[in-house]
Amino acid sequence: MLNYNLRQCLPSSAELPDSDDTPVDNELQNLIPNLLEAILALVWQNRNDWFFGVDMGIYYAPSQPPLVPDGFLSLGVERFIGEEGRLSYVFWEEDNIAPIFALEVVSKTYGGEYERKKVDYAKLGILYYAIYVPNRQYRRKRQPLEVYKLENKEYILQPDGRVWMPEIGLALGKERGTYLGRTREWLYWYNQQGERLATPEELVQQERLKSEKLAQKLRELGVNPDEIN
């Protein structure tokens with residue numbers, strides 16, 4: 001009698017398509033989750049038990065097409081897989097760990113973010129699901145940012161505003177800021193005290209201001225900062 005290892009019979013991420021060739025019709029659908037990932041890379045730089053995917057397929061069953069959120073976060077998985085990284089997020093290669101957070105950024109036309117995708121993500125067991133409408137013109141009667149929590153297999157809309165997610169240890173919110181030279185409303189992570197976590201650009205700016213202040217102080221003391229090694 002032969003014994004089969006079921007996992008060995010499942011397709012690997014290299015064998016699964018990593019793109020459905022569907023064009024992204026709004027650049028903010030990448031920029032917004034990219035910013036969230038960049039902030040996490042700073043605050044969790046010493047952690048290797050998380051992964052944030054942007055516009056990446058989530059394969060949950062071999063016979064089903066992937067789900068492709070604009071962004072998603074998984075905890076308890078390896079952050080880096082080889083030098084080339086993940087092609088897709090494949091459940092049976094991730095110890096069947098579902099993402100804990102998924103984000104959809106609504107473009108000019110709604111794509112089932114409030115209906116079909118809510119059902120799909122709930123079935124996967126994704127604990128938090130956020131929907132963000134970046135363009136004020138298309139917000140209609142919806143809140144700009146809606147965050148849902150899975151309770152008894154159903155998504156429950158959380159109170160408007162910054163939503164604290166204790167399982168992640170962060171809150172999600174929105175405010176006006178500048179990213180890659182573009183000033184507008186962005187999504188950010190916040191700590192439990194409600195303080196917004198800095199972006200990479202902001203940290204560079206802070207260090208530059210510190211250097212300038214130090215140089216000015218040295219000049220006031222009659223020291224040429226350029227002569228200090």
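Scroll up to find the structure this text is about.
A few points on the structure. This one's a predicted model, so the numbers in the text were calculated from it and none came from an experiment. (Residues numbered from 1 in each chain as written. Predicted model: local features only at pLDDT ≥ 70, side-chain atom pairs only at ≥ 80, totals over all residues. Heavy atoms only, no water.)

1. Quick notes on helix 2 (residues 28–43)
Item 1. Taking 1.5 Å of rise per residue, 16 residues should cover 22 Å, and helix 2 covers 23 Å from first to last C-alpha, within 8% of that figure.
Item 2. Within the span of helix 2, buried status applies to Leu28, Gln29, Leu31, Ile32, Pro33, Leu35, Leu36, Ile39 and Leu40.
Item 3. The inward-facing, buried residues of helix 2 contact strand 1 (50–54), strand 3 (71–75), strand 5 (101–105), strand 6 (128–132), strand 10 (170–179) and strand 11 (182–190). (Helix = DSSP H or I, 4+ residues; strand = E, 2+ residues; numbered from the N terminus. Expected span 1.5 Å × (residues − 1). Buried < 20%, exposed > 50% of the residue type's maximum accessible area, 1.4 Å probe, protein only. Contact = heavy atoms within 4.5 Å.)

2. Regarding the side chain of Lys149
Item 1. Turning to its location among the elements, Lys149 is positioned in strand 7 (residues 145–151).
Item 2. With relative accessibility at 19%, the residue Lys149 sits in the buried group.
Item 3. In this structure, Lys149 is in contact with Leu127, Tyr128, Glu154, Tyr155, Ile156, Gln158 and Glu167, ignoring residues within four places of it in sequence.

3. Considering the pattern of salt bridges
Item 1. This structure, assessed with the given rule, holds eleven salt bridges.
Item 2. In this structure, Asp49 and Arg47 form a salt bridge, with 2.9 Å as the shortest nitrogen-oxygen distance.
Item 3. Here Asp49 falls in the partly exposed class, since its relative accessible area comes to 33%.
Item 4. As a salt-bridge pair, Arg196 and Glu202 come within 2.8 Å of each other at their nearest N and O atoms. (Salt bridge = Lys/Arg side-chain N within 4 Å of Asp/Glu carboxyl O.)

4. A word on the side chain of Ser74
Item 1. The topology assignment puts Ser74 in strand 3.
Item 2. At a separation of 3.1 Å, a polar atom in the side chain of Ser74 contacts the side chain of Tyr89.
Item 3. Beyond its immediate chain neighbours, meaning those up to four positions away, Ser74 contacts Asp49, Trp50, Phe51, Tyr89, Ala98, Pro99 and Ile100. (Polar contact = N/O pair within 3.5 Å; in protein donor to acceptor, adjacent residues only side chain to side chain.)

5. Remarks on the layout of surface pockets
To locate leftover empty space, one rolls a probe as large as a water molecule over the atoms.
Item 1. Put simply, the second largest pocket is a space of about 150 Å³.
Item 2. Taken together, Glu37, Ala41, Trp50, Phe51, Phe52, Arg79, Phe80, Ile81, Gly85 and Arg86 make up the full set of residues lining the second largest pocket.
Item 3. Taken together, the elements giving at least two residues each to the lining of the second largest pocket come down to helix 2 and strand 1.
Item 4. Ranked by the residues each element gives to the lining of the second largest pocket, the list is headed by strand 1, at three residues.
Item 5. When its residues are assigned to classes, the lining of the second largest pocket shows six nonpolar, one polar and three charged. (1 Å grid on protein atoms, 1.4 Å probe; cavity = no way out; pocket = protein on both sides within 12 Å on 5 of 7 lines; lining within 4 Å. Points joined across faces, edges and corners; volume = space filled by probe spheres on them. Nonpolar A, V, L, I, M, F, W, Y, C, P; charged D, E, K, R; others polar.)

6. Observations regarding the sheet that holds strand 6
Each strand in a sheet pairs with its neighbour through backbone hydrogen bonds, running either in the same direction (parallel) or in the opposite one (antiparallel).
Item 1. Strand order in the open sheet made by the six strands is 1-3-5-6-7-8, with mixed pairing throughout. In this open sheet, the two strands that pair with only one neighbour each are strand 1 and strand 8 (154–157). The average angle at which neighbouring strand axes cross in this sheet is 20°, direction not considered.
Item 2. Against the sheet, helix 2 makes contact with strand 1, strand 3, strand 5 and strand 6, and its axis sits at roughly 165° relative to strand 1, the strand it touches most. (Pairing = 2+ DSSP bridges. Axes fitted to C-alpha atoms, helices over the stretch in contact; angles between N-to-C directions.)

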